[in-house]
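# Structure at a glance
For reference, the chains in residue letters:
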Amino acid sequence: MTSAQDALYSEAAQTYGAAMERLARAYEADADLRRDLVQEIHAALWQSFDGFDGRCSLRTWIYRVAHNVGASHVLRQRRTRGQELVGLEELENLADTNSGQSAADRGHALDRLLGLIQRLKPLDRHVILSYLEGLDAASIGEITGLSAGNVATKIHRIKNMLARQFQQGGSES
Amino acid sequence: MMEVENPVQKIWQDQPVEGIKMSAEIIQKRAAKFERRIMWRNVREYVASLIAAALFGYFFVTAHDVLSRVTFGLFIGAMLWIVVQLHRKGSATSLPRGVDSLTSLRLYRGELERQRAVVRNVWSWYLAPLVPGFVVYTIGYAIKFQRPAAWAGLALMDAIVAGLFVVVWKMNMRAARCLQRMIDDLNAAE
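This one's a predicted model, so the numbers in the text were calculated from it and none came from an experiment. Here, residues in each chain are numbered from 1, in the same order as that chain's written sequence. Lettering for chains starts from A, numbering for ligands starts from 1, and both go in the order in which the items are written. This being a predicted model, a pLDDT of at least 70 is required before a residue's local features are given, and a value of 80 or more before pairs of side-chain atoms are given or counted; all residues contribute to the totals for chains, interfaces and linings. As a rule here, side-chain values cover all heavy atoms of the structure and leave hydrogens and water aside.

## Some remarks on the side chain of Glu133 of chain A
- In DSSP terms, a helix is any run of H or I states spanning at least four residues, a strand is any run of E spanning at least two, and both are numbered starting from the N terminus. Locating Glu133 of chain A in the fold gives a position in the loop between helix H6 (122-132) and helix H7 (137-144).
- Residue burial is assigned from relative accessible area. The probe radius is 1.4 Å, only protein chains are included, and a residue is buried under 20% of its type maximum, exposed over 50%, and partly exposed in between. The class of Glu133 of chain A is buried, set by a relative accessible area of 3%.
- Polar contacts here mean pairs of N or O atoms no more than 3.5 Å apart (in protein, one a potential hydrogen donor and the other a potential acceptor; neighbouring residues in sequence count only if both atoms are side-chain atoms). Here Trp12 of chain B takes part through its side chain, which lies 2.9 Å from a polar atom of the side chain of Glu133 of chain A.

In structure tokens, the structure reads:
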């Protein structure tokens, strides 16, 4: 382990450790497999810092690595689970699953949110997770490689979908 | 601090986490495990062919007649050709980590397409190179031992070999279909 690699990893783990766990939760529902996935993300991050050249920000690099590990995990699991994934457009058009439950019930809302995210295709999942983490459109574009217009369209769909599913008073633009 | 413009973002960001910490030792173990997985995938591909080439090499050295030497020489050549093709076409690769999601998914799909091409074309790079050895062996021994019993033995051997070729080909076609499903999934997933 080189000292630079070690230092970058320590900074990443300290600053983004919680975000990595939230991200893993969106990629794996099973608690044991999720812990394993978190470890895989940490190991991939540590390994990746050997080749980190500073051409993008540390945050962008961390999210890229974490999302790529998460996407590989989802695609590997699909071979055995056969779960069908959908795009944001399809999810946006799904019937409201809120069933009149209070959005103030945070535990329930979080479960429902995870249920929605875990149905999404990898790229759309990357976008919604980055949005939920509070990243701006430019950062999301940098992490995903999508154009600014494409990111804007997807964020608009995400806001609409969340508004419908969590009764926030309709469409936002 | 992260931006919160939507209450759902707050629900997401406020969720409890376990605070998983990993020691340097565990991280290195996990990283080494991943590298070993890639390395063994490649090693496995070569070992079987090299063992077979070594076995044919032994037969080549200990054979007393020209026909056997030509036959085993052809098999050795075929095995070495297969190893070279495996190295050129089929070596497992690890994908870069720090690229953006779109590039990563495209690279992953490219890797699956490459693997699919290798198994789909198994006839041309794996099975066909073995054919000359069997042909020379069959014709040579049929001329050398001109007896119906010897010919029947050769015909049985060739039928078994042909059967094995079909099994290998079918297994590879099944693998190609499985890879195609994953590629379709990935197309849909992007």
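## Description of the packing of aromatic side chains
- Only Phe, Tyr and Trp rings take part, Trp by its six-membered ring, and two of them pair if their centres are within 6.5 Å. Stacked means planes under 30 degrees apart, edge-to-face means over 60, and tilted covers everything else. Per the counting criterion, the structure on display carries 13 aromatic pairs over all chains.
- With 5.9 Å between their ring centres and 75 degrees between their planes, Tyr16 of chain A and Tyr63 of chain A make a pair best called edge-to-face. Of this pair, Tyr16 of chain A sits in helix H1 (residues 3-27) while Tyr63 of chain A sits in helix H3 (residues 58-81), placing them 47 residues apart in sequence. Residues Tyr16 of chain A and Tyr63 of chain A agree in their burial class; the two are buried.
- For the pair Phe56 of chain B and Phe75 of chain B, a centre-to-centre distance of 4.8 Å together with 20 degrees between the ring planes defines the contact as stacked.

## Considerations on the interface of chain B and chain A
- The partner chain A presents 58 residues to the 42 residues of chain B that form the contact.
- In short, buried area is how much 1.4 Å probe accessible area vanishes from two parts on joining, totalled over both. When chain B packs against chain A, close to 4500 Å² is buried across both sides, 58% of that on carbon and sulfur atoms.
- Three residues, Trp12, Arg30 and Arg97 of chain B, lead the burial of chain B against chain A; their summed loss comes to 18% of the area buried on that side.
- What makes a salt bridge here is a side-chain nitrogen of Lys or Arg within 4 Å of a carboxyl oxygen of Asp or Glu, nothing more. Linking chain B with chain A are one salt bridge, by the criterion used here. Only heavy atoms enter the contact rule, under which two residues are in contact if any of them lie within 4.5 Å.

## Regarding the side chain of Ser101 of chain B
- Considering the arrangement of structural elements, one finds Ser101 of chain B in helix H4 (residues 101-120).
- A relative accessible area of 1% places Ser101 of chain B in the buried class.

## Topic: the confidence of the model for chain A
Residues and elements named next belong to chain A.
- Every residue carries a pLDDT, the predictor's confidence in it, which falls somewhere between 0 and 100. When pLDDT is averaged across chain A, the result is 84; 83% of the residues are at 70 or more.
- Per-element averaging of pLDDT across chain A places helix H4 (residues 88-92) at the bottom with 79 and H7 at the top with 94.
- Segment residues 169-173 is flagged for pLDDT under 50; beyond a separation of four residues in sequence, or across chains, it makes nine contacts in the model.

## Some remarks on the environment of Phe145 of chain B
Residues and elements named next belong to chain B.
- In this fold, Phe145 is placed in the loop between helix H6 (131-144) and helix H7 (148-189).
- Residue classification places Phe145 among the partly exposed positions, given a relative accessible area of 31%.
- For Phe145, the contacting residues outside a window of four places in its chain are Ala150 and Trp151.

## With respect to the pattern of salt bridges
- Taken as a whole and assessed by the stated rule, the structure comprises 10 salt bridges over all chains.
- Among the ionic pairs, Asp53 of chain A bridges to Arg55 of chain A, the shortest N-O distance being 2.7 Å.
- Residue classification places Asp53 of chain A among the partly exposed positions, given a relative accessible area of 43%.
- The class of Arg55 of chain A is exposed, set by a relative accessible area of 74%.
- Connected through salt bridges with shared partners, the residues Asp32 and Arg35 of chain A together with Glu18 of chain B form a single ionic network.

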